[in-house]
Amino acid sequence: MKSVNLFLGAAAIALLGGWTQSTNADTNQQNTAIKTSQVAPQQKKVSDQKVDKVDKSALQLDVNGAQSYLKQTDYYSKASLDNLEKKMELGNAGLRSDTVSQQDVNNKSRGIIDAVRDLKPSPNTGKIDKSVLQTYVYGAQNYLKQTGYYSKDSLDNLEKKVELGNADLRSDTVSQKQVNSAASGILNAVRQLEPQE
């Protein structure tokens, strides 16, 4: 019973504290209202004028984000990037304008976001990653120097795979699939090296 009374006492204090704060807030509002009513008529007219300030911060972020997408020409189709660029230019015009409305700013921002969502992958595969193949070719050169340790046939097989890999490294028209296949060929040829008899 004693713990219930303590609980009720704590609840009453909390409620009383909340009521006191709200009463203080009401008093502060009344004091502010009295002070405002005592302002000179000329000062009151200036403060009563409503100024519609346009918030362009979100549009600025969307324009900045669009610029980073526009640099990724290897990943997105030209048509979808052109569409995004037009929307970004409209956004830039809105940022420079002093007479643009908040609704217009919001619409320009939404246009950029929609254009980003509509980005389509590039029909070509983009840049080909040849780094793994380059590493395997480089590593295979070390094996090819070890003529005293591995059989001639297994080294000849590895040399052929390295030559194919080098051809793919020099090619501008090779696909990622061909590059991956050449790298796998070198790796398998290394695994198939046989000791010299």
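In this text the structure is predicted, and so the values were computed from the model without any measurement.

**Remarks on the overall build of the protein chain**
Reasoning step 1: A count of helices and strands for the protein chain gives eight helices and zero strands.
Reasoning step 2: Ordered by position from N to C terminus, the α and β elements of the protein chain give α-α-α-α-α-α-α-α.
Reasoning step 3: Residues classed as buried in the protein chain amount to 24% of the 197 residues present.
Reasoning step 4: Counting only contacts in the protein chain whose residues sit at least 6 apart along the sequence, the fraction spanning at least 24 positions is 78%.
Reasoning step 5: For the protein chain, the exposed surface amounts to about 14,700 Å²; the carbon and sulfur share of it is 53%.

**Quick look at the environment of serine 154**
Reasoning step 1: Within the fold, serine 154 resides in helix H7 (residues 152-170).
Reasoning step 2: For the pair serine 154 and glutamine 192, spaced 38 residues apart in the sequence, the C-alpha separation amounts to 6.8 Å.
Reasoning step 3: Not counting residues up to four positions away in its chain, the partners in contact with serine 154 are Gln192, Leu193 and Glu194.
Reasoning step 4: Polar contacts involving the side chain of serine 154 include one to the main-chain amide nitrogen of glutamate 194, which spans 3.2 Å.

**Observations regarding the confidence of the model for the protein chain**
Reasoning step 1: Residues of the protein chain with pLDDT of at least 70 account for 72%, and the chain-wide mean is 76.
Reasoning step 2: Taken as a whole, residues 1-41 scores under 50 in pLDDT and shows one contact with residues more than four places along the chain or in a different chain.
Reasoning step 3: Here residues 43-51 is a poorly scored stretch, pLDDT under 50, and it has one contact once near neighbours within four places are set aside; other chains count.

**So, the environment of leucine 59**
Reasoning step 1: With respect to the helices and strands, leucine 59 occurs in helix H3 (residues 57-70).
Reasoning step 2: Look at leucine 59 and you get buried, because its relative accessible area is 1%.
Reasoning step 3: When the C-alpha positions of leucine 59 and serine 109 are compared, they lie 5.0 Å apart, and in sequence the two are 50 residues distant.
Reasoning step 4: Excluding residues within four positions of it along the chain, leucine 59 makes contact with Gly91, Gly94, Leu95, Val105, Lys108, Ser109 and Ile112.

**Quick look at the packing of helix H6 (residues 131-144) against H7**
Reasoning step 1: Packing of H6 against H7 brings their axes to within 10 Å, and their N-to-C directions diverge by 150°. Relative to H7, H6 is oriented roughly antiparallel. Judged by the sense of rotation from one axis to the other, the crossing of H6 with H7 is left-handed. Seen from H6, the contacting residues are Leu133, Gln134, Val137, Ala140, Gln141, Tyr143 and Leu144; seen from H7, they are Leu155, Leu158, Glu159, Val162, Gly165, Asn166, Asp168 and Leu169.
Reasoning step 2: A per-class count over the contact of H6 with H7 returns nine nonpolar, four polar and two charged.

**Points about the packing of H7 against helix H8 (residues 176-191)**
Reasoning step 1: Where H7 meets H8, the closest approach of the two axes is 9 Å, and the angle between their N-to-C directions is 160°. One finds that H7 runs roughly antiparallel with respect to H8. By crossing handedness, the relation of H7 to H8 is classed as left-handed. Every residue of H8 that contacts H7 at Asn157, Leu158, Lys161, Val162, Gly165 and Asp168 is listed here: Gln178, Ala182, Gly185, Ile186, Ala189 and Val190.

Cut-off values and rules
- Residues numbered from 1 in each chain as written.
- Predicted model: local features only at pLDDT ≥ 70, side-chain atom pairs only at ≥ 80, totals over all residues.
- Heavy atoms only, no water.
- Helix = DSSP H or I, 4+ residues; strand = E, 2+ residues; numbered from the N terminus.
- Buried < 20%, exposed > 50% of the residue type's maximum accessible area, 1.4 Å probe, protein only.
- Contact = heavy atoms within 4.5 Å.
- Areas by Shrake-Rupley, 256 points an atom, 1.4 Å probe, with all protein chains shown as cover.
- Polar contact = N/O pair within 3.5 Å; in protein donor to acceptor, adjacent residues only side chain to side chain.
- pLDDT = per-residue confidence, 0-100.
- Axes fitted to C-alpha atoms, helices over the stretch in contact; angles between N-to-C directions.
- Parallel < 35°, antiparallel > 145°, perpendicular 65-115°, else oblique.
- Left-handed = near helix turned anticlockwise from the far one by under 90°.
- Nonpolar A, V, L, I, M, F, W, Y, C, P; charged D, E, K, R; others polar.

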